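What follows is each chain in one-letter form.
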Amino acid sequence: MSSTAPVFRFAPSPNGRLHLGHAYSALLNADFAARFEGRLLLRIEDIDMARCRPAFEAAIYEDLAWLGLRWEQPVRRQSEHFPFYREAAARLNRKNVLYPCFCTRKEVADAVAHREAAAAVPWPRDPDGAPLYPGTCRSLALHEVEGRVAAGEPHTLRIHMPAAQSCITRPLTYGRFSRDGEIETIPVNPARWGDTVIVRKDIPTSYHLSVVTDDAFQGITHVVRGQDLEAATDLHVLLQFLLDLPTALYHHHGLVLDPGGDKLSKSRQSEALTDLRARGITAAALRQRLGF
Ligand code: GLU
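Residues numbered from 1 in each chain as written. Predicted model: local features only at pLDDT ≥ 70, side-chain atom pairs only at ≥ 80, totals over all residues. Heavy atoms only, no water.

Trainee: Mind showing me how you'd approach the site of the ligand here?
Mentor: Lining the immediate surroundings of the ligand are Arg 9, Ala 11, Pro 12, Ser 13, Glu 45, Tyr 207, Val 211, Arg 225 and Leu 229. Between the ligand and the protein, one listed contact pairs a nitrogen atom with a side-chain N or O atom of Ser 13 at 3.2 Å. One of the side-chain nitrogen or oxygen atoms of Tyr 207 is found 2.8 Å away from an oxygen atom of the ligand. Against a free-state accessible area of 300 Å², the protein chains account for coverage of 79% of the ligand. (Near = heavy atom within 4 Å. Polar contact = N/O pair within 3.5 Å; in protein donor to acceptor, adjacent residues only side chain to side chain. Areas by Shrake-Rupley, 256 points an atom, 1.4 Å probe, with all protein chains shown as cover.)

Trainee: Can you walk me through the sheet that holds strand 1 (residues 7–10) in this structure?
Mentor: For sheets, the rule is that strands pair by backbone hydrogen bonds, running either parallel or antiparallel. Judged by pairing direction, the sheet is mixed, and its seven strands sit side by side in the order 3-2-1-9-10-6-7 without closing on themselves. Either end of the sheet is taken by a strand with one partner, and the two such strands are strand 3 (76–77) and strand 7 (183–187). Along the sheet, helix 1 (residues 20–35) contacts strand 1, strand 2 (39–44), strand 6 (173–177), strand 9 (222–226) and strand 10 (249–253); its crossing angle with strand 1, the most-contacted strand, is approximately 170°. (Pairing = 2+ DSSP bridges. Helix = DSSP H or I, 4+ residues; strand = E, 2+ residues; numbered from the N terminus. Contact = heavy atoms within 4.5 Å. Axes fitted to C-alpha atoms, helices over the stretch in contact; angles between N-to-C directions.)

Trainee: Sorry, what's going on with the pairing of strand 5 (residues 156–159) here?
Mentor: Consecutive side chains along a regular strand alternate between the two faces of the sheet. Side chains Thr 156 and Arg 158 project from strand 5 onto one buried face, and the interleaved Leu 157 and Ile 159 project onto a second face that is buried too. Across four bridges, the pairing between strand 4 (residues 98–101) and strand 5 is antiparallel. By the bridge assignment for strand 5, Leu 98 is matched with Ile 159. One ladder, built from two bridges, connects strand 5 with strand 8 (residues 197–199); its direction is antiparallel. Among the inter-strand pairings, Arg 158 is bridged to a residue of strand 8, identified as Val 197. (Buried < 20%, exposed > 50% of the residue type's maximum accessible area, 1.4 Å probe, protein only.)

Trainee: Sorry, what's going on with unusual backbone geometry here?
Mentor: Omega for the peptide link from Gln 73 to Pro 74 comes to -5°, which places this bond in the cis form. Counting through the fold element by element, Pro 74 comes out in the loop between helix 2 (54–66) and strand 3. Here the phi dihedral of Glu 37 falls at roughly 50°; this positive angle occurs in a residue that is not glycine. Within the fold, Glu 37 resides in the loop between helix 1 and strand 2. With relative accessibility at 63%, the residue Glu 37 sits in the exposed group.

Now the structure itself:
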């Protein structure tokens, strides 16, 4: 296989057991990798150390092997790379596109409720339905910010969206690829995420920062993931621009729904692959059920 072969990755989080939706995403990655004569990597997205468990990670390997998948070694485990993400955050910081935010979730919710009551119209929401950050900490005086940071007050780092946008020197887009290899150019609109959190309070990174820096570090050329992450790609393309990283090609697949038409989720205890296995369902039957 040539060194220019496409590189795919499946990137689950070990914060619960994998369900049919994960199986679909993993199988689709493998299917694309085979079709495009590419490589398949596995990445364990375990930055949320309060929710991730070694037992869930072990189950991921078992489930994927049971499905008949093969992936390259070593597997990149995000929790082992916090200094790498910290360095990326420092690069963004040097561009003056991040600012410390001391607000608690409740303070943000209260500020939004207050503004909604005053304006009598709904406060704008991000694509996931969360209210945009109302900017409380954006305009704090520098000496106050420095004092609170120096005193060790917990804070996130948020992207200053207007400052970030003022750095943009070309139209930001990504290529959406399909099964037959066609590529469509998709313009992005990261501003719809507002001043979102780039570095969390509890850990020196966020999903967005880790995924963008790891995809570039691992040389991922083709990202195959669920439609629930399609809107986040706008933000990822912005971060790639700011960090001078390449933008991969993306394919966001439809989600596997439960019989009631809802999205499967670990938190809603959707039936796990381990349960299906225990019920005697074969990997071949499951692949067929998912259309492979
Ligand atoms: N770790 C994410 C998840 O479990 C997927 C991230 C991605 O594919 O970009 O949903």
